[in-house]
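Inside the fold
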Amino acid sequence: MILRAVIDTNVLVSALLSSKNTAATVQVLERMITGEIIPLYSELIMKEYQEVLRREKFGFSSQRIAYLLSFVERFGILVQPKAINITLPDMKDVPFYETVMEKRIDGAYLVTGNMKHFPEKPYIVTPKQLLDMMDG
């Protein structure tokens, strides 16, 4: 099963920080690399990835960041989402919501570690929920 998914920045950060290969966020990243999950992104999402992943507090190497971002750009799908008039608890999350809504017709999911930041919808899932669906 191949799924299309918008990956929230917190999932990438958590995966890169984790020392456990069994962590759900790490598994999502691995499945993205193996082609089981096709990342969907917009220009605004890519901009946020770059800004957040480069924060000094995380200590990610520039090579690691460059590899991940070039992977997303090369194997992911660039989406030009339509603006949606929605208010979210963190308005920086709007581009992620707009991108998933643009690709819902293709069965896209939004994978996040911050469920409370988004409306309760069946296509907005945690990394563990996504893995359970894929393995179901």
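Rules used throughout
- Residue numbers restart at each chain and count upward from 1, following the sequence in its written direction.
- With the structure being a predicted model, the display of local features is reserved for residues of pLDDT at least 70 and the display and counting of side-chain atom pairs for 80 or more, all residues being used for whole-chain, interface and lining totals.
- Water and hydrogen atoms play no part in the side-chain values, which are based on all heavy atoms of the structure.
- The secondary structure listing takes helices from DSSP runs of H or I that are at least 4 residues long and strands from runs of E that are at least 2 residues long, numbered from the N terminus.
- When accessible area is computed with a 1.4 Å probe and restricted to protein chains, residues below 20% of their type maximum are described as buried, those above 50% as exposed, and intermediate ones as partly exposed.
- Geometry is summarised by axes, namely lines fitted to C-alpha atoms with helices restricted to the contacting stretch, and by angles between N-to-C directions that run from 0 to 180 degrees.
- Geometric relationships in this document are graded by angle, where less than 35 degrees denotes roughly parallel, more than 145 denotes roughly antiparallel, 65 to 115 denotes roughly perpendicular, and other angles denote oblique.
- Crossing handedness follows the turn of the near helix against the far one: under a right angle anticlockwise gives a left-handed crossing, and clockwise gives a right-handed one.
- Here, two residues are considered to be in contact whenever any of their heavy atoms come within 4.5 Å of each other.
- When the centres of two rings from Phe, Tyr and Trp lie within 6.5 Å, Trp using its six-membered ring, the rings pair. Their planes under 30 degrees apart give stacked, over 60 give edge-to-face, and anything left gives tilted.
- In this scheme, strands are said to pair when DSSP sees at least two bridges between them.

Of note, Ser61 is situated in the loop between helix H3 (43-53) and helix H4 (62-75). Taking the relative accessible area as the measure of exposure, Ser61 reaches 35% and is therefore partly exposed.

The relative placement of two packed helices is expressed as an angle between their axes plus a distance between the axes. Close contact between helix H2 (residues 24-33) and helix H6 (residues 127-135) brings their axes to 8 Å; oriented N to C, the two are set at 55 degrees. Relative to H6, the element H2 lies oblique. In the packing of H2 onto H6, the handedness of the crossing is left-handed. Contacts between H2 and H6 pair Ala24, Thr25, Gln27, Val28 and Arg31 from the former with Pro127, Lys128, Leu130, Leu131, Met134 and Asp135 from the latter.

Along the chain, Thr99 turns up in helix H5 (residues 94-102). Here Thr99 falls in the buried class, since its relative accessible area comes to 0%. Not counting chain neighbours up to four residues away, the residues in contact with Thr99 comprise Val6, Leu40, Tyr41, Ser42, Ile45, Val79 and Pro81.

The next subject is the packing of aromatic side chains. Considering all chains together, one arrives at three aromatic pairs under this definition. Ring geometry for Tyr49 against Phe96: centres 6.4 Å apart, planes inclined by 50 degrees, an arrangement best described as tilted. Note that Tyr49 is positioned in helix H3 and Phe96 in helix H5, a separation of 47 residues in sequence. Both residues of the pair, Tyr49 and Phe96, belong to the buried class. A centroid spacing of 5.4 Å and a plane angle of 10 degrees characterise the contact between Phe58 and Phe60, whose relative ring orientation is stacked. Each member of the pair, Phe58 as well as Phe60, carries the same accessibility label: buried.

Right, let's get into the sheet that holds strand S4 (residues 109-111). Strand order in the open sheet formed by five strands is S3-S2-S1-S4-S5, and the pairing between neighbours is parallel. Since the sheet does not close on itself, it has two edges, and those belong to strand S3 (77-78) and strand S5 (124-125), each with one partner. Bridge count for strand S2 (residues 37-41) against S3 is two bridges, and the pairing is parallel. By the bridge assignment for S3, Tyr41 is matched with Leu78. Sitting on the sheet, H2 touches strand S1 (3-7) and S2, and the angle it makes with S2 is about 95 degrees.

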